[in-house]
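# Coordinate inspection notes
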Amino acid sequence: DPRRSETAYHADLFLQPLPGRDAAIAAALIRVILTEGWNDEAFTATYVGADRMLQLRLAVEPFTPEFVEHCAGLTPGQIRAAAQLFARDCRTGAAYASTGPSMAPFSNLMQHFVDGLNIICGRFRRAGDRAVVDMVAAERFVHAEVIGPPRSWQAVSPSRIRGVGCLGGEKLSSTLAEEILTPGADQIRCLIVAGGNPAATVPDQRRIVEALQSLDLLVVIDPWLTATAQLAHYVLPPRMQYERADLPVSVPGFPLYPDSWGQYAPAALTPPPGSDVVEEWYVFWALARRLGVQIVYNGVALDMSRTPTAEELFAIRLAAAPVTFDELKQYPSGKVFDHPTAIVQAARPEATARFDVMPADVADETTRLHAWLQREGAGPGAGFTHLLSTRRMRDVHNSTGNRLDSTLGRIPVNPAYMHSTELAALGLEAGDRIQIASGHGAIDAVAQADDHLRRGIVSIAHAWGMLPGDSGPGVNVNLLISCDTELEPLNAMPRMSAIPVTVRPLSRSRAEASIESESKELEHVN
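Everything in this summary refers to the structure shown in the same document. Sequence order sets the numbering: in each chain, residues are counted from 1 along the sequence as written. Only residues with pLDDT of at least 70 get local features here, since the model is predicted, and only at 80 or more are side-chain atom pairs given and counted; chain-wide, interface and lining totals rely on the full set of residues. Side-chain numbers here rest on the full set of heavy atoms in the structure, without hydrogens or water.

On to the sheet that holds strand β3 (residues 234–236). When DSSP finds two or more bridges between two strands, those strands count as paired. Helix and strand assignments come from DSSP, with helices taken as H or I runs of at least 4 residues and strands as E runs of at least 2, each series counted from the N terminus. Read from one edge of the open sheet, 3 strands run β1-β2-β3, paired in parallel fashion. With partners counted over all chains shown, the strands left at the sheet margins are β1 (190–194) and β3, one partner each. Put simply, the sheet's adjacent strands are angled 15 degrees from each other on average, direction ignored. Axis definition: a line fitted to C-alpha atoms, limited for helices to the stretch in contact. Angles are taken between N-to-C directions and run from 0 to 180 degrees.

Right, let's talk about the nonpolar core for a bit. Definition of nonpolar core: a set of buried residues of the types Ala, Val, Leu, Ile, Met, Phe, Trp, Tyr and Cys, connected through side-chain atoms within 4.5 Å. Burial classes: relative accessible area under 20% of the type maximum marks a residue as buried, over 50% as exposed, and values in between as partly exposed (1.4 Å probe, protein chains only). Counting 49 residues, the largest nonpolar core has Ile33, Leu56, Phe113 and Leu369 as the members making the most contacts within it. Among the secondary structure elements, those contributing two or more residues to this core are α1 (22–36), α3 (50–60), α4 (65–72), α5 (78–88), α7 (107–120) and α14 (360–376). When neighbours within four sequence positions are excluded, Leu56 is seen to be in contact with Ile30, Leu34, Phe113, Ile120, Val357 and Met358. One finds Met103, Ile434, Ala445 and Ile460 within the second-largest nonpolar core, a separate group that totals 22 residues. The criterion used for residue contact is that any of the two residues' heavy atoms lie within 4.5 Å.

For the rest of this paragraph, the subject is α5. All buried positions along α5 are accounted for by Gln78, Ile79, Ala82, Ala83, Phe86 and Ala87. Seen from one end, α5 has its buried residues packed into an arc of 135 degrees, which puts them on one side. Directions drawn from the helix axis to the C-beta atoms are what define this arc.

Another aspect to go through is the pattern of salt bridges. Pairing is possible between side chains of opposite charge, provided their charged atoms come close. Think of a salt bridge as a Lys or Arg side-chain nitrogen and an Asp or Glu carboxyl oxygen that are within 4 Å of each other. Using the criterion set out here, one finds 25 salt bridges in the structure. Between Asp484 and Arg207 there is a salt bridge; the shortest N-O distance is 3.0 Å. Of this pair, Asp484 sits in the loop between β12 (457–459) and β13 (499–505) while Arg207 is found in helix α10 (residues 205–214), placing the two residues 277 residues apart along the sequence. The class of Asp484 is partly exposed, set by a relative accessible area of 46%. With a shortest N-O distance of 3.4 Å, Asp246 and Arg244 are connected by a salt bridge. The exposure class of Asp246 is partly exposed, given its relative accessible area of 31%. Members of the salt-bridge network, linked through shared partners, are Arg3, Glu6, Arg391 and Asp450.

Attention now moves to unusual backbone geometry. Most peptide bonds are trans, and most residues other than glycine sit at a negative phi. Positioned with a positive phi, Phe106 is a non-glycine residue whose angle comes to about 60 degrees. Here Phe106 shows up in the loop between α6 (99–103) and α7.

What follows is about the packing of α7 against α14. Packed helix pairs are characterised by how far apart their axes lie and by the angle those axes make with each other. Running from amino to carboxyl end, α7 crosses α14 at an angle of 110 degrees, the nearest separation of the two axes being 10 Å. Looking at the two axes, α7 sits roughly perpendicular to α14. Judged by the twist between their axes, the crossing of α7 over α14 is left-handed. Between α7 and α14, the residues in contact are Asn108, Leu109, His112 and Phe113 and Val362, Glu365, Thr366 and Leu369, respectively. Amino acids outside the nonpolar list (Ala, Val, Leu, Ile, Met, Phe, Trp, Tyr, Cys, Pro) and the charged list (Asp, Glu, Lys, Arg) are all regarded as polar, and Gly is one of them. Class assignment of the residues belonging to the contact of α7 with α14 gives a composition of 4 nonpolar, 3 polar and 1 charged. Every angle not falling under 35 degrees, over 145, or within 65 to 115 is termed oblique; those three ranges are roughly parallel, roughly antiparallel and roughly perpendicular. Rotating anticlockwise by less than a right angle from the far helix to the near helix defines a left-handed crossing, while the corresponding clockwise rotation defines a right-handed one.

Every helix has an expected span of 1.5 Å times one less than the residues it contains. Compared with the 20 Å implied by 1.5 Å per residue over 14 residues, the 20 Å span of α7 between its first and last C-alpha is a close match. With 12 of 14 residues buried, α7 is to be regarded as a mostly interior element. Regarding α7, the residues found buried are Ser107, Asn108, Leu109, Met110, His112, Phe113, Val114, Gly116, Leu117, Asn118, Ile119 and Ile120. For α7, the elements touching its buried residues are α1, α2 (41–47), α3, α5, α6 and α14.

Quick look at the side chain of His462 now. For His462, the location among the structural elements is in the loop between β12 and β13. With relative accessibility at 14%, the residue His462 sits in the buried group. Any N or O atom pair separated by 3.5 Å or less is treated as a polar contact, with the protein-specific requirement of one donor-capable and one acceptor-capable atom, and with residues adjacent in sequence counted only for side-chain atom pairs. In terms of polar contacts, His462 uses its side chain to reach the side chain of Asn398, at 3.0 Å. Excluding anything up to four places from it in sequence, His462 contacts Thr390, Arg391, Arg392, Asn398 and Val477.

What follows is about the packing of aromatic side chains. In this scheme Phe, Tyr and Trp rings, the latter by its six-membered ring, pair at centre separations within 6.5 Å, and the angle between planes marks the pair as stacked below 30 degrees, edge-to-face above 60, and tilted otherwise. Applying the stated rule across the entire model yields 12 aromatic pairs. Three or more aromatic residues joined by ring pairs make a cluster, and in this case those are Phe43, Tyr47, Phe124 and Phe355. Comment: the charge-over-ring label is applied if NZ (Lys) or CZ (Arg) is within 6 Å of the ring centre and within 35 degrees of the ring normal. For the cation-ring pair, Arg123 lies above Phe86, with the distance from its terminal atom to the ring centre recorded as 4.5 Å. Over the face of the ring belonging to Phe337 we find Lys335, whose NZ or CZ atom lies 5.7 Å from the ring centre.

Contact geometry for α4 and α5: axes closest at 8 Å, N-to-C directions at 115 degrees. Classified by the interaxial angle, the pair formed by α4 and α5 is roughly perpendicular. Of α5, the residues touching α4 (which contributes Pro65, Val68 and Glu69) are Gln78, Ile79 and Arg80.

With that out of the way, let us pick up the environment of Gly409. Examined against the element boundaries, Gly409 turns out to sit in helix α15 (residues 405–410). Gly409 sits in the exposed class, given a relative accessible area of 66%. Residues Gly409 and Gly474, spaced 65 residues apart in sequence, show a C-alpha to C-alpha distance of 13 Å.

Below, the structure is given as structure tokens:
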């Protein structure tokens, strides 16, 4: 992590690289592990194969620890130490990466190599081990066998926008503005947004706002007047979290809890008398009824002549789950269930798939990564002073929470964090105004010291600010990001972290004008 996070203080070993070097670090770790023979030979022989392992070895060969440590700004020896700790000294535990690396350059390749670390070290449950079961998903046994690479994006026709495909059955958000603005067959002219805020969260904010403004119909389901809701033709208010019954979040094939846990939470509050609120699902059911469209939910054709209850939908949702809805309701505080599906079963005879640790297109991307590192080195790039890194803030999640009075009383803006020595070198103190400029745009922000950051980094939370030209609270980093350049080949994600930027102090007159504008906005919010 470029920032010494709260979690990092508990780590046996902490690496503090420049952002955007995660794929290279993972490749170097794999190289060290394979060179030293610290991988699980028995596991890879069964589930990978010698030919594929050879292709992986050849692909990571250029990523020597010395080369990657230089490009990532790491201390010599750190990569070997990490490889040794993970692969030689430990036999349990898995490699994992999430938001930061997934928003940086080569995010697809990063995920491939992180998964590769788990594969070559055999960090998978074996037959007889306990697994975690999603108690609200369809009941199924987990087998100690490989699910072959689905390469789902190849099963759909390329999009009319830049020829990109789909992932997980979904179109890619970086193409949304073009899908709306580009005339022709399949042009999007109506959009329903449920609990999202694309005007604040999709990169290249000016263009996505232009696109949303051009729609024939924009409907937003949200309790807050977000940046997107301000552009909507209709804003439909949903019930708040304690006003509706609920089940835990469930992502198929991806348990979100450390145990096989489930809970039914009934509504704790009744909406105030006279309030005109609905549950989100009701909006879509009611539209389908008016359009004469039959909804099939979890394999069950709903009765479109009467409105279902949430409880009826939950019962359908849990029909094939390890527990029934009636059983789940018996445990108001939830329960960790001991279910037969929580034991990993032996591989089935027909299970012959293997991991493909280095497909041809991934090998090509690995070559591009090495060339990119040779070109970028350990700096932000010619003409720039810093790399901008994404970050989270404790009180908000994306754009949720950054309009609450209680939040703004503690953190009225999303500051631009830098190491105190770098602020001093620019003649700045905490609270001073700065300009952050990329090759695409510029924003004015409030400087804040954070000595947990490594030098050379400016770190700011995303999804703050309102519409372009409006003041506060905070600023939107998506004004710095283009959806046309440096796109990843599969997920079409632009460079949303590790962005080369230049940081400059704002002149006093401009800073005072910016502060006055933001103060007026905060008065309006409060």
